[in-house]
Amino acid sequence: MNLKLRLIILNFLQFAVWGAYLTSMGNYLGAVGLGSKIGLFYAMQGIVSIFMPAIMGIIADRWVPAQKLLGICHLVAAVFLAAAGYYGMTSGSNVDFSTLFSLYSVSVAFYMPTIALSNSSAYGILVSNGFDTIKAFPPIRTLGTVGFIFAMLFVNFAGTLDGQFSISFSGDKNFLSFQNNYNQFFVSAILGLLLFLYSFTLPNVSISNNKEKKSLSDALGLKAFALFKERKMAIFFIFSMFLGVSLQITNGYANPFITSFKDVPNYANSWGANNANALISLSQVSETLCILLIPFFLKKFGIKKVMLMSMFAWFLRFGLFGLGDPGSNVWMFVLSMIVYGVAFDFFNVSGSLFVDKETSPEIRSSAQGVFMMMTNGFGATLGMLVAGEVVNHFVFSKTDIIEQLKGWEISWYIFAIYALVIGVLFAIVFRYKHSAKDVQNINH
């Protein structure tokens, strides 16, 4: 089989595993009475992202080839996620938080390192076969997002009807979609087991022969924290954390919010309320397309302005959720999905470029690790814990659906105002002049 095609399959499965539950798990948790715990489940992804990728990176560097460790991690993650699904299936609506959370936490602790391991495997295989990773890898990685979207759509349209497996596009009220129950865990686990088997068919990635092995402090990039002594870098990393607060909020809460409209007679039969995951998948489509716009925007406006565009896009992302509904105002939901690509991509790429330009080669990789740790680790964790408190207070403390929808509206406005304030403060505090040289190689 063509080598690039094999790596495309690797990336497709890698992100399909995640897409099967990331945007719909909140819906299931709400359905079994754990809506108030959604923030904790999603915060766990951020917590394990702080240290697990570094630990697995050391293991891959010293003892186990990356593609094999990738498979082992997926096996462990799949087994525990399948156990979570089985527990959900046998418990019905009497799901114990501690049991489900423990099973999920072990699963996600072994899944999160696989994102870096899949990249390392692809890079190693491409290099050893004479490919230019800068040219060859981006199209391969794009198919990972396609896999994520595919899994989202599958758990949306797949389900049971009268006790039998079925695919439904119509929103039949008797159709039980996988996005609303434990079956999404089984779908993810099956994909994970497939990737476990597939990873052992990949070409071997050699273990580093460098005698100077990285320590845990090196792998965690702790030396790069010395950059906090520089005012500009300190401001950037702090605002990275503040922006990271927004990253997981819609992953955790968009689906249960949109699905809750099914309990309102005027929206009960609307396509959007019955197909929330499919609607949300437009966000991932936008994310894929917006990557193509980044080179133009960076050259035209510079790094700081592109970062600001991302921050104000988060303001629109949340604000449009507060204004929209799956009926006549569904266009606001659609527009919110479209701006997600700008919100997510523009800061990640421009921020990474800023770190690359402002750090020395000796600590550049570690500095990138600090950037990811501040956004996807500390920021995302803090964001979901705080967002959980906001939603619990305004939504899940209510029993009447109208009061809950009003609570959702208030919650989205709070998140929108937060993003706006962070954007304004960043514009005032962060000083950075645009230079064409900073982005002249963006297409190379």
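Remember, predicted model here, so these are calculated numbers, not experimental data.

Our next topic: the domain arrangement of the protein. For the protein, the domain assignment lists domain 1 (1-220) and domain 2 (223-443). With centres defined by C-alpha atoms, the gap from domain 1 to domain 2 works out at 22 Å. Every contact between the two is made by 32 residues of domain 1 and, on the other side, 32 residues of domain 2. Between domain 1 and domain 2, roughly 2700 Å² of surface is buried when both sides are summed, and carbon and sulfur atoms account for 59% of that area. Applying the counting criterion to the domain 1 and domain 2 interface returns zero salt bridges. Of all the secondary-structure elements, those providing two or more residues to the side of domain 1 that touches domain 2 are helix H2 (25-31), helix H3 (38-62) and helix H6 (133-157).

This paragraph deals with a nonpolar patch on the surface. A cluster of nonpolar side chains, contributed by Phe-150, Phe-154, Phe-165, Ile-167 and Phe-169, occupies part of the molecular surface with about 520 Å² of accessible area. Along the chain, Phe-169 turns up in the loop between strand S2 (164-167) and strand S3 (175-177). Given a relative accessible area of 55%, Phe-169 falls into the exposed group.

Quick look at the pattern of salt bridges now. Counted by the stated rule, this structure contains two salt bridges. One salt bridge in this structure joins Lys-232 and Glu-358, with 2.9 Å as the shortest N-O distance. Of this pair, Lys-232 sits in helix H9 (residues 231-244) while Glu-358 is found in helix H15 (residues 330-358), placing the two residues 126 residues apart along the sequence. According to the relative accessible area criterion, Lys-232 is partly exposed, its value standing at 31%. One salt bridge connects Glu-409 with Lys-406, and the closest N-O pair in it is separated by 3.8 Å.

Here we take up helix H1 (residues 3-19). The end-to-end C-alpha distance of H1 is 24 Å, a good match for the 24 Å that 17 residues give at a rise of 1.5 Å each. Within H1, twelve of the 17 residues are buried, leaving the element largely enclosed by the surrounding structure. Those residues of H1 that sit buried are Leu-3, Arg-6, Leu-7, Leu-10, Asn-11, Leu-13, Gln-14, Phe-15, Ala-16, Val-17, Trp-18 and Gly-19. By the N-cap criterion, in which a side-chain oxygen at the helix start approaches the backbone nitrogen of a residue two or three places on, H1 is capped by Asn-2, the distance to Lys-4 being 2.9 Å.

Next up on the list: helix H13 (residues 294-301). Turning to H13, its buried residues are Ile-294, Pro-295 and Leu-298. The arc that holds every buried residue of H13, seen down its axis, measures 100°, which confines them to one face. Away from the buried face of H13 by more than 90 degrees, exposed residues Phe-296 and Lys-300 are located. For H13, the elements touching its buried residues are helix H12 (276-290), helix H14 (303-323) and H15.

Another point: the layout of surface pockets. Size it by volume and the second largest pocket reaches roughly 560 Å³. Along the wall of the second largest pocket there are 26 residues; nearest its centre are Asn-27, Thr-259, Ser-260, Lys-262 and Asp-263. Where the lining of the second largest pocket is concerned, the elements lending two or more residues are H2, S3, helix H10 (249-259), helix H16 (364-396) and helix H17 (401-429). For the lining of the second largest pocket, the per-class residue count stands at nine nonpolar, 13 polar and four charged. Of the residues that make up the lining of the second largest pocket, three or more belong to each of domain 1 (1-220) and domain 2 (223-443).

Taken together, the three strands give an open sheet; going across it, the order is S2-S1-S3, and neighbouring strands pair in antiparallel fashion. Two strands bound the open sheet, and with one partner strand each, they are S2 and S3. Taken over all neighbouring pairs, the strand axes of this sheet differ in orientation by 40° on average, direction set aside. In this structure, strand S1 (residues 158-161) lies alongside S3, joined through three bridges in antiparallel fashion. When the bridges of S3 are listed, Thr-160 appears paired with Leu-176.

Right, let's get into the packing of H1 against helix H7 (residues 183-199). The relative placement of two packed helices comes down to the angle between their axes together with the axis-to-axis distance. Look at H1 against H7: their axes get within 9 Å of each other, and the N-to-C directions meet at 150°. Judged by the inter-axis angle, H1 sits roughly antiparallel to H7. H1 and H7 meet at a crossing whose hand is left-handed. When H1 is examined against H7, the residues Arg-6, Ile-9, Leu-10, Leu-13, Gln-14, Ala-16 and Val-17 are found in contact with a partner set consisting of Ser-188, Leu-191, Gly-192, Leu-195 and Tyr-198. Along the lines of polarity and charge, the residues of the contact of H1 with H7 split into eight nonpolar, three polar and one charged.

Scoring rules and cut-offs
Residues numbered from 1 in each chain as written. Predicted model: local features only at pLDDT ≥ 70, side-chain atom pairs only at ≥ 80, totals over all residues. Heavy atoms only, no water. Domains from an automatic or database assignment. Contact = heavy atoms within 4.5 Å. Buried area = accessible area lost by both parts, 1.4 Å probe. Salt bridge = Lys/Arg side-chain N within 4 Å of Asp/Glu carboxyl O. Helix = DSSP H or I, 4+ residues; strand = E, 2+ residues; numbered from the N terminus. Patch = residues over 30% accessible without salt bridge, like charges linked within 9 Å, V, L, I, M, F, W, Y side chains within 5 Å. Areas by Shrake-Rupley, 256 points an atom, 1.4 Å probe, with all protein chains shown as cover. Buried < 20%, exposed > 50% of the residue type's maximum accessible area, 1.4 Å probe, protein only. Expected span 1.5 Å × (residues − 1). Polar contact = N/O pair within 3.5 Å; in protein donor to acceptor, adjacent residues only side chain to side chain. Arc of directions from axis to C-beta. 1 Å grid on protein atoms, 1.4 Å probe; cavity = no way out; pocket = protein on both sides within 12 Å on 5 of 7 lines; lining within 4 Å. Points joined across faces, edges and corners; volume = space filled by probe spheres on them. Nonpolar A, V, L, I, M, F, W, Y, C, P; charged D, E, K, R; others polar. Pairing = 2+ DSSP bridges. Axes fitted to C-alpha atoms, helices over the stretch in contact; angles between N-to-C directions. Parallel < 35°, antiparallel > 145°, perpendicular 65-115°, else oblique. Left-handed = near helix turned anticlockwise from the far one by under 90°.

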